[in-house]
Amino acid sequence: MARSVKFENKEGILYITIDRQEALNALNVSVLEELYEVFTMAENSEEVKTVLLTGEGKAFVAGADIQQMYEMSPKEGRDMAKLGHKVMNLIENMEKPVIALINGFALGGGLELALACDFRIASTKAKVGQPEVGLGIIPGFGGTQRLAKLIGKGKAKRLIMTGEIIDGLKALELGIVEEVTEPDTLMEKGVALAETIMKKAPLAVGAAKTAINKSMDVDSKSGSDFEIESFSSVFSTEDKMEGMSAFLEKREAAFKNK
Ligand code: DAK
């Protein structure tokens, strides 16, 4: 069967595109399995420094596959839940930056997928929301948790409990995305962000990502302790010496990921 998750590595950026346009890129079990496979490869490959994730056509991802869920037994539903969480957690916890480029509909599980990424850039054509309550369910891939942590309890409740679908500018205003741009500059903006980050020390970038994620899950004392440990570990890297020497010698740093 043809794959729905396409990928291509160019100069350290892994471009991942979900292409299942007949269902607006809805996440069925096989798309989730493919995403897990591709992100595992991205995490382990030395050739990949940053990931850009987008959808083909008029959707980023229009949600979990409603047709497939309708036909699922409770056991299959549970297995899908486990798989979905595995994918979202992999993306959130991998050290490399992952940027979601929201080109169109990012609804339900599609918005949850974008929320697991580090950054979200939306096109002016984006439509985002958590419409699950209209289907008799709630967000099931971490949406109630990640959205509330990202934008606050009140705004998350309003979106999730009304199922309202909003555009990119409104998503920017609420803090769901960090940037909005015209459709034809979406990829360019994603690449520019990826390149900016790739100029920095990768181990430091990864450690910062992990420490910030940690702050969302633990009390502030544990978070500070974790930061001290992470700081110590990057302090002993070759790239720390390189970054500081480069500054003192007034030249650009050449980081080695060591
Ligand atoms: N699933 C399956 N097919 C979908 C789909 C989806 N989410 N969204 C769209 N499609 C299909 C449509 O059925 C249609 O197929 P055909 O009729 O051509 O065969 C095709 O894509 C084109 O869609 P439309 O004809 O509807 O296109 P429009 O431009 O008119 O409308 C739309 C676009 C995005 C407004 C509309 O398609 C729509 O409302 N789609 C559903 C959006 C939605 O409700 N998404 C949330 C899904 S619920 C779980 C964890 C997480 C979740 C579930 C379980 N576990 C823990 C187990 C997450 C749940 C969700 O994401």
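Residues numbered from 1 in each chain as written. Predicted model: local features only at pLDDT ≥ 70, side-chain atom pairs only at ≥ 80, totals over all residues. Heavy atoms only, no water.

J.: An account of the packing of helix H3 (residues 74-93) against helix H4 (residues 109-116) is needed here, citing residue identities and associated values.
T.: Two elements in contact, H3 and H4, have axes whose closest approach is 8 Å; the angle formed by their N-to-C orientations is 25°. When the axes of H3 and H4 are compared, the pair comes out roughly parallel. Residues Met88, Ile91 and Glu92 of H3 pack against Gly109, Glu112, Leu113 and Ala116 of H4. Of the residues contributing to the contact of H3 with H4, the split by class is four nonpolar, one polar and two charged. (Axes fitted to C-alpha atoms, helices over the stretch in contact; angles between N-to-C directions. Helix = DSSP H or I, 4+ residues; strand = E, 2+ residues; numbered from the N terminus. Parallel < 35°, antiparallel > 145°, perpendicular 65-115°, else oblique. Contact = heavy atoms within 4.5 Å. Nonpolar A, V, L, I, M, F, W, Y, C, P; charged D, E, K, R; others polar.)

J.: I'd like a description of the side chain of serine 45, backed by residues and values.
T.: Structurally, serine 45 can be placed in the loop between helix H1 (29-44) and strand E3 (50-55). For serine 45, a relative accessible area of 18% translates into the label buried. Side-chain polar atoms of serine 45 contact the backbone nitrogen of glutamate 47, separated by 3.0 Å. (Buried < 20%, exposed > 50% of the residue type's maximum accessible area, 1.4 Å probe, protein only. Polar contact = N/O pair within 3.5 Å; in protein donor to acceptor, adjacent residues only side chain to side chain.)

J.: Just give me the short version of the sheet that holds strand E2 (residues 13-18), but keep the residues and values in it.
T.: The sheet built from six strands is open, its strands ordered E1-E2-E3-E5-E7-E10 with mixed pairing. Since the sheet does not close on itself, it has two edges, and those belong to strand E1 (5-10) and strand E10 (179-181), each with one partner. Across the sheet, the axes of successive neighbouring strands diverge by a mean angle of 20°, strand direction being ignored. Pairing of strand E5 (residues 98-102) with strand E7 (residues 119-123) involves four bridges; the strand directions are parallel. By the bridge assignment for E7, isoleucine 99 is matched with phenylalanine 119. (Pairing = 2+ DSSP bridges.)

J.: Could you give an account of the sheet that holds strand E9 (residues 165-167), with specific residues and numbers?
T.: Pairing in this open sheet of four strands is mixed, and the strands run E4-E6-E8-E9 from one edge to the other. Either end of the sheet is taken by a strand with one partner, and the two such strands are strand E4 (59-61) and E9. Going from strand to strand, the sheet's axes swing by 20° on average, the running direction of each strand aside. With three bridges joining them, strand E8 (residues 127-129) and E9 adopt antiparallel strand pairing. Its bridge partner lying in E9, lysine 127 is registered against aspartate 167.

J.: Can you lay out the site of the ligand for me, pointing to particular residues and giving the numbers?
T.: Taken together, 24 residues surround the ligand, and among them Lys58, Ala62, Ala64, Ile66 and Gly109 come closest. Glutamate 22 places a main-chain nitrogen or oxygen 3.4 Å from an oxygen atom of the ligand. Within the backbone of alanine 64, an N or O atom sits 2.7 Å from an oxygen atom of the ligand. Across the complex, the protein chains shield 62% of the 1100 Å² of accessible surface that the ligand would expose by itself. The set of elements that each furnish at least two residues to the shell around the ligand consists of helix H2 (66-70), H3, strand E6 (105-107) and H4. Of the residues that constitute the shell around the ligand, the class distribution is 14 nonpolar, five polar and five charged. (Near = heavy atom within 4 Å. Areas by Shrake-Rupley, 256 points an atom, 1.4 Å probe, with all protein chains shown as cover.)

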